[in-house]
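Close look at the chain arrangement
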Amino acid sequence: MIIARIILGLCGLAMLLIGFLTIVTPDTNHIYVPFEVTSDPMAIFVRTYGGFFLAAGYLTIRFIYSSSKVQIGNILIYIVGCMMVARLFSFIYEGFYKHSVYTFLTMLLLFSCLYYLQKKRRNEISYDL
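Residues numbered from 1 in each chain as written. Predicted model: local features only at pLDDT ≥ 70, side-chain atom pairs only at ≥ 80, totals over all residues. Heavy atoms only, no water.

Before going further, it helps to spend a moment on the overall build of the chain. Looking only at helices and strands, one finds four helices and zero strands in the chain. Each principal axis of the C-alpha atoms in the chain carries an extent, and together these give about 60 × 40 × 15 Å. In the chain, which comprises 129 residues, the share counted as buried stands at 33%. Nonlocal contacts in the chain, meaning residues at least 24 apart in sequence, comprise 67% of its contacts between residues at least 6 apart. One way to put it: in the chain the 10 positive side-chain charges average out to a point 12 Å from where the 6 negative ones average out. (Helix = DSSP H or I, 4+ residues; strand = E, 2+ residues; numbered from the N terminus. Buried < 20%, exposed > 50% of the residue type's maximum accessible area, 1.4 Å probe, protein only. Contact = heavy atoms within 4.5 Å. Lys, Arg positive; Asp, Glu negative; His and termini not counted. Charge placed at Lys NZ, Arg CZ, Asp CG, Glu CD.)

Turning to a nonpolar patch on the surface, a few remarks are in order. A cluster of nonpolar residues, Ile2, Ile3, Ile6, Ile7, Leu10 and Leu13, forms a patch on the protein surface that exposes about 630 Å² of accessible area. Assignment of secondary structure puts Ile2 in helix α1 (residues 2–24). The exposed category is assigned to Ile2, whose relative accessible area is 58%. (Patch = residues over 30% accessible without salt bridge, like charges linked within 9 Å, V, L, I, M, F, W, Y side chains within 5 Å. Areas by Shrake-Rupley, 256 points an atom, 1.4 Å probe, with all protein chains shown as cover. Salt bridge = Lys/Arg side-chain N within 4 Å of Asp/Glu carboxyl O.)

Here we take up the side chain of Thr28. Mapped onto the fold, Thr28 is located in the loop between α1 and α2 (40–65). Residue contacts for Thr28: discarding those within four places in its chain leaves Thr22, Val33, Val37, Ala43, Val46 and Arg47.

Per the stated rule, a full pass over the model turns up seven aromatic pairs. With a centroid separation of 4.8 Å and 65° between ring planes, the pair formed by Phe45 and Tyr49 is classed as edge-to-face. With a gap of four residues between them, Phe45 and Tyr49 both fall in helix α2, about one helical turn apart. Measuring from centroid to centroid gives 5.5 Å for Phe91 and Phe104, while their planes differ by 75°, and the two rings are edge-to-face. Separated by 13 residues along the polypeptide, Phe91 in helix α3 (residues 72–94) and Phe104 in helix α4 (residues 98–124) bring together distant segments of the chain. Residue Phe91 is classed as buried on the basis of its relative accessible area, which comes to 10%. By relative accessible area, Phe104 is classed as buried at 14%. Of the aromatic side chains, those joined through ring pairs into one cluster are Phe91, Phe96 and Phe104. (Phe/Tyr/Trp six-rings, centres within 6.5 Å; stacked < 30°, edge-to-face > 60°.)

The subject of this paragraph is the side chain of Ser90. Looking at the element boundaries, Ser90 is found in helix α3. You can call Ser90 buried: its relative accessible area is 0%. In contact with Ser90, not counting residues within four places along its chain, are Ile44, Arg47 and Gly95.

Buried together is how nonpolar side chains tend to be arranged in soluble globular proteins. Ile79, Val80, Met84 and Met107 are the most contacted members of the largest nonpolar core, which has 15 residues in total. Contributions of two or more residues to this core are made by α2, α3 and α4. With sequence-adjacent residues up to four places away left out, Met84 is seen in contact with Phe104, Met107, Leu108 and Phe111. (Core = buried A, V, L, I, M, F, W, Y, C linked by side-chain atoms within 4.5 Å.)

Turning to the environment of Ile72, a few remarks are in order. The residue Ile72 is located in helix α3 in this model. The exposed category is assigned to Ile72, whose relative accessible area is 65%.

If you want it as structure tokens, here you go:
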């Protein structure tokens, strides 16, 4: 059991590092990306998936140390939120493209709906046993 936790922890930390470096560094061509990024749309795509890696790494580490069950809505909120942060960095580094703005607005709508429904469900849970 302890070996599985160590392996998951190392994988989670590696995913956090890969995601964070892909998001915040101006150049997306580094050892973690297995192909050469040659255009801004490709860099936006790679940076957004860096947000997914960041969320997956965080959720992996949280899974190791948490004893509570995490609802699917919360998992989706973390993933979409990290991808939105990555998209904001792509706006800074690569600029605004029509497709990237539309997908960011779609992610913002998805995030807002997920957050609203998750808060509504949390308020409806009865803690009386």
